[in-house]
There are 2 protein chains.
Amino acid sequence: MSQGNTGVTAQVVNAHACPVREVLDRVSGKWSVQILVAAAQGPIRFTELERSIEGISRRMLTLTLRNLERDGLVTRTVHPTVPPKVEYELTPVAEELHKTLQQLTDWAERNRVYVAEARAAYDERRETD
Amino acid sequence: MSQGNTGVTAQVVNAHACPVREVLDRVSGKWSVQILVAAAQGPIRFTELERSIEGISRRMLTLTLRNLERDGLVTRTVHPTVPPKVEYELTPVAEELHKTLQQLTDWAERNRVYVAEARAAYDERRETD
DNA sequence: CTGCATCCCCAGCGATACTG
DNA sequence: CAGTATCGCTGGGGATGCAG
């Protein structure tokens, strides 16, 4: 058994259409999560999003919002006024998602220092070779 | 107030070094999460990972493992045998992360159908214009 | 078995300008 | 105010081959 049978320690965890990949596809992209976070506090206008999320371009804001809307994660409400007013809001499903995203950011905050130090230590080792 | 003051509905949620971005940087990349999931069940060898994660290339497996190691999320243990045997294992910090990732995949499973239908409906509307 | 080096491609994103 | 259209780049990642 020293090298013949590798064992079945890890089953195939990603059959196709793996839920892991599904989430990632939904959450991937540079801006999706930040938009979800920004919109989580209630209906928010296009320009408010643009200002809330530092560094985002109009183009990416539009594109990402469209994708989120397509996936049923945000609703888009047009108020036919002048000037135009469009509000985006999380759907209930997205609110749930937001809660778990919150857990992720909590993890990040708790372990930010740990990761930074691990990284520094790793790089240190590489240099002193 | 109809258009003068936009209010402060959404504060700037992403100061620089935003935790949101930090997690994403750690979890982004096509394979990081799947590796974390696969390694969560215990120490796992390089080749086992390669077989567990369908579609991953040797190159990306190596690169992603290095990054995870650098961030202190996996440990790399070399057994100086012949043939070589290297085992990867989650660190405690990564185990915590894995728990929250589990929540994400749970969300994905619960709402997979919802998203698929939302998407289909959206595309339907686009076509029938 | 485990891993690095090289080449190459393309999707994601930024910049910019134009519209209802 | 809230978009859309076009262009061009960058780097993430796939394919392949070599090495300890």
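Each chain has its residues counted from 1, running along the sequence as written. Labels are handed out in written order, letters beginning with A for the chains and numbers beginning with 1 for the ligands. The predicted nature of this model means local features are confined to residues of pLDDT at least 70 and side-chain atom pairs, given and counted, to a pLDDT of 80 or more, with totals for whole chains, interfaces and linings taken over all residues. No hydrogens and no water enter the side-chain calculation; it runs on all heavy atoms of the structure.

- If you check an unreviewed UniProt entry, chain A appears there as Helix-turn-helix transcriptional regulator from Streptomyces antibioticus.

**Some details on the nonpolar core**
Part 1 of the argument: The criterion is simple. A nonpolar core is a set of buried Ala, Val, Leu, Ile, Met, Phe, Trp, Tyr and Cys residues joined through side-chain atoms within 4.5 Å. Buried residues are those whose accessible area, probed at 1.4 Å on protein chains only, stays under 20% of the maximum for their type, while exposed residues exceed 50% and partly exposed ones sit between those limits. Counting residues in hydrophobic clusters, the biggest one holds 63 residues, and the most contacted among them are Ile35(A), Leu49(A), Leu101(A), Ile35(B), Leu36(B), Leu49(B) and Leu101(B).
Part 2 of the argument: Once residues within four sequence positions are removed from consideration, Leu49(A) is found in contact with Ile35(A), Ala38(A), Ile44(A), Leu61(A), Leu65(A) and Tyr88(A). It only takes one pair of heavy atoms within 4.5 Å for two residues to be counted as in contact.

**Regarding the sheet that holds strand S3 (residues 85–90) of chain B**
Residue and element names in this part refer to chain B.
Part 1 of the argument: DSSP calls a pair of strands paired once it identifies at least 2 bridges connecting them. Runs of H or I in DSSP of at least four residues are treated as helices and runs of E of at least two as strands, each being numbered from the N terminus. Reading across from one edge, S1-S3-S2 is the order of the three strands in this open sheet, with antiparallel pairing throughout. Either end of the sheet is taken by a strand with one partner, and the two such strands are strand S1 (44–45) and strand S2 (74–79).
Part 2 of the argument: Bridge analysis of S2 against S3 gives six bridges, and the strand direction is antiparallel. Bridge pairing in S3 places Arg 76 opposite Tyr 88.
Part 3 of the argument: Interaxial angles span 0 to 180 degrees and are taken between N-to-C directions of axes, which are lines fitted to C-alpha atoms, for helices over the stretch in contact. Taken strand by strand, helix H4 (residues 58–70) contacts S2 and S3, and its axis lies near 115° from that of S2.

**Some details on the protein's contact with DNA strand C**
Part 1 of the argument: Taken together, 20 residues lie around DNA strand C, and Lys30(A), Thr47(B), Thr62(B), Arg76(B) and Tyr88(B) are the ones closest in.
Part 2 of the argument: Within 4 Å of the protein, the atoms of DNA strand C are drawn from sugar and phosphate moieties in a proportion of 69%.
Part 3 of the argument: Between a base oxygen of DNA strand C and a side-chain N or O atom of Arg59(A), the distance comes to 3.2 Å.
Part 4 of the argument: For the surface near DNA strand C, the secondary-structure elements that each account for two or more residues are helix H4 (58–70) of chain A together with helix H3 (46–52), H4 and S3 of chain B.
Part 5 of the argument: A per-element tally of the surface near DNA strand C places H4(B) first, with four residues.
Part 6 of the argument: Under the grouping applied here, Gly and all other residues not named as nonpolar or charged are polar, the nonpolar ones being Ala, Val, Leu, Ile, Met, Phe, Trp, Tyr, Cys and Pro and the charged ones Asp, Glu, Lys and Arg. Partitioning the surface near DNA strand C into residue classes produces eight nonpolar, four polar and eight charged. Note on definitions. A residue lies near a molecule or strand when any single heavy atom of the residue is within 4 Å of it. Polar contacts, as used here, are pairs of N or O atoms within 3.5 Å; protein pairs need one atom able to donate a hydrogen and one able to accept it. Residues neighboring in sequence count only if both atoms are side-chain atoms.

**So, the interface of chain A and chain B**
Part 1 of the argument: At the interface, 57 residues of chain A touch 56 residues of chain B.
Part 2 of the argument: Throughout, buried area stands for the accessible area (probe radius 1.4 Å) lost by two parts on being put together, summed over both. Buried area between chain A and chain B, both sides added, is near 5,700 Å², and the carbon and sulfur share of it is 58%.
Part 3 of the argument: For chain A, the biggest contributors to the area lost against chain B are Arg70(A), Leu104(A) and Trp107(A); these three give 13% of the whole.
Part 4 of the argument: Just to be clear on terms, a salt bridge is a Lys or Arg side-chain nitrogen sitting within 4 Å of an Asp or Glu carboxyl oxygen. Our count for the contact surface shared by chain A and chain B stands at eight salt bridges.
Part 5 of the argument: Of the charged contacts in the structure, one is a salt bridge between Glu96(B) and Arg110(A), with a shortest N-O distance of 2.8 Å.
Part 6 of the argument: Seen at the junction of chain A and chain B, the total is 14 residue pairs in polar contact (both at pLDDT 80 or more).
Part 7 of the argument: Elements that contribute at least two residues to the side of chain A that touches chain B include exactly helix H1 (19–27), helix H2 (32–39), helix H3 (46–52), H4 and helix H5 (92–127) of chain A.
Part 8 of the argument: By residue class, the composition of the side of chain A that touches chain B is 25 nonpolar, 15 polar and 17 charged.

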